[in-house]
Structures are given as C-alpha cells and as structure tokens.
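Each chain, written out:
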Amino acid sequence: GATFALDHLKIDDIFYVYAAIFAVGGLVGVLDILFHAAIPEPVSKTDVQRIGWRGFTEPLRNRNFLGFSLAIGAWSFSTNVLGPFVAPYITADADQGGIGAPMTWLGINAAIIQITMVATGTAWGIVMDRFGRKPAVLLGALHPLPMWVGCFFMTPNNYPYMLVITAAIAGVMAPGFWDGMGQLMLTLTPQ
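Quick look at the structure, then.

About the cut-offs
- Residues numbered from 1 in each chain as written.
- Predicted model: local features only at pLDDT ≥ 70, side-chain atom pairs only at ≥ 80, totals over all residues.
- Heavy atoms only, no water.
- Helix = DSSP H or I, 4+ residues; strand = E, 2+ residues; numbered from the N terminus.
- Buried < 20%, exposed > 50% of the residue type's maximum accessible area, 1.4 Å probe, protein only.
- Contact = heavy atoms within 4.5 Å.
- Areas by Shrake-Rupley, 256 points an atom, 1.4 Å probe, with all protein chains shown as cover.
- Core = buried A, V, L, I, M, F, W, Y, C linked by side-chain atoms within 4.5 Å.
- Phe/Tyr/Trp six-rings, centres within 6.5 Å; stacked < 30°, edge-to-face > 60°.
- Patch = residues over 30% accessible without salt bridge, like charges linked within 9 Å, V, L, I, M, F, W, Y side chains within 5 Å.
- Salt bridge = Lys/Arg side-chain N within 4 Å of Asp/Glu carboxyl O.
- Axes fitted to C-alpha atoms, helices over the stretch in contact; angles between N-to-C directions.
- Parallel < 35°, antiparallel > 145°, perpendicular 65-115°, else oblique.
- Left-handed = near helix turned anticlockwise from the far one by under 90°.
- Nonpolar A, V, L, I, M, F, W, Y, C, P; charged D, E, K, R; others polar.

### As for the overall build of the chain
Counting its regular elements, the chain contains 8 helices and 0 strands. Helices and strands appear in the chain in the N-to-C order α-α-α-α-α-α-α-α. Here the C-alpha coordinates of the chain stretch approximately 70 × 40 × 30 Å along the principal axes. When the 191 residues of the chain are sorted by exposure, 28% land in the buried category. When contacts within the chain are restricted to residue pairs at least 6 apart in sequence, those whose partners lie at least 24 apart make up 72%. Here the chain has roughly 13,200 Å² of accessible surface; of this, 69% comes from carbon and sulfur atoms.

Written out as structure tokens, the structure reads:
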C-alpha cells in the first residue's frame, strides 16, 4: 500500500501514509507484548539443573559453530552492502541511469518473494531432512543473485517481466537459506 501511495499522492501527503503505517506497526507491537504477557509461564521441572555460564558460552568455544557464525556474518555483510542500491536503481528515472519503475513495483516484487517463500518452505524442510541442512543453506544462499543478475538485463521496457521472474526465483530459493540457517545453527550448537 505504501509504494502505491508514494506513486499516486502529492509529496505533502506522504507524511500521512508513513504516519499511518508506523501507527499500525506500533499498535501491533504493543498488542504483541500484551498477548505474550497473558501466556502463563511454563512450570519448570525442579530436577532440571540450570545452565551455568560455562555451558551458556560453550558454542563460542566450538570450532564448527564459530565457522558457521563467520560464514553467516560474511554472507550477511556481502548481501547487505549491495542490497540498498537495488531499489533506488530500479526506481530511478531512466534518464538518470535507472530503470524508471514506479515504486509500486517494489511492493509487487516483495509480495511475490514472500508468497513463493511461504509456498516452498515445506518443500525445503523435506530437502533438509533428506539431504541435510548444509546443502540447503549453501543453495539457498544464492537467492539474492537472481535479482542482482536480473539488474544487468533489466531495461525500462522489460522491468515488469524481469521483476516478476527474479522475485519468483529468489522466493523459491530463499527458504533454503533462511530456514536452513536456523536449523543448521541448532544442529551445530553443542547440547
């Protein structure tokens, strides 16, 4: 809705769009706290020993866990360095070196990615159970590439097709990384 509003409202009215979005987000955030506050604390077993500081910091001394953390950190850094430049390139005017797509297309792109992620998440779980978490994470880590490669071939005339295709491919691949990363972390973490 916000990207549609940005394309169709006067610049003076944009503040109200953002104010409404942030107000709804804030209200839902407060409701989240209230919902969680109403959930009763599970009864703890008295015979279960509490974890001490040494046990709590054990993953930080585990070579496999540290290697995994470094790999995920390097991936996050590399993708987050380039990521902020993709949307401005897509929406910048064509005469300024951009594609000239309306902001609405960023919302369409995000929606397609989210829908395909939801649709393929269960399949990625099956892949992880059958072939392991590491192959799923390695393959899923490539999910930003379709958009970045697509930017090389995107023009002011073909951006609707390129954005839909690259979003669908990225959305299919992304759960392998995002779901697999958490699963792999829990697998590597010492008991």
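### A short note on the nonpolar core
Side chains of a nonpolar character, in soluble globular proteins, are inclined to be buried together. Ranked by size, the top nonpolar core spans 11 residues in total: Val86, Ile90, Ile99, Ala101, Trp105, Met147, Cys151, Met154, Tyr159, Met162 and Leu163. Secondary-structure elements contributing two or more residues to this core are helix H4 (63-91), helix H7 (145-153) and helix H8 (159-188). Here this core gets 3 residues from one element, more than from any other, and that element is H8. Apart from residues lying up to four places away in sequence, Tyr159 is in contact with Ile99, Ala101, Pro102, Trp105 and Met154. Grouped together as the second largest cluster of nonpolar side chains are 8 residues, Phe68, Trp75, Val137 and Phe177 included.

### Let's talk about the packing of aromatic side chains
Think of a pair of aromatic rings as described by two things: how far the centres are apart, and how the planes are tilted against each other in angle. Tallied over the full model, the rule gives 6 aromatic pairs. Relative to Tyr159, the ring of Trp105 lies with its centre 5.9 Å away and its plane at 90 degrees, an arrangement referred to as edge-to-face. You can see Trp105 sitting in helix H5 (residues 104-131) and its partner Tyr159 sitting in helix H8, a full 54 residues away along the chain. Each member of the pair, Trp105 as well as Tyr159, carries the same accessibility label: buried. Pairwise contacts between aromatic rings join Trp75, Phe177 and Trp178 into one cluster.

### Notes on a nonpolar patch on the surface
There is a patch of nonpolar side chains on the surface, built from Leu139, Leu142, Leu145, Val149, Phe152 and Phe153 and spanning about 620 Å² of accessible area. With 4 residues, H7 is the largest single contributor of residues to the nonpolar patch. Looking at the element boundaries, Val149 is found in helix H7. Given the relative accessible area of 39%, Val149 is considered partly exposed.

### A few points about the packing of H5 against H8
Running from amino to carboxyl end, H5 crosses H8 at an angle of 40 degrees, the nearest separation of the two axes being 6 Å. It follows from the interaxial angle that H5 and H8 lie oblique. Between H5 and H8 lies a crossing whose hand is right-handed. Class assignment of the residues belonging to the contact of H5 with H8 gives a composition of 17 nonpolar, 9 polar and 1 charged.

### Quick word on the environment of Cys151
Assignment of secondary structure puts Cys151 in helix H7. A sequence separation of 18 residues divides Cys151 from Ile169, and the C-alpha atoms of the two residues are 14 Å apart.

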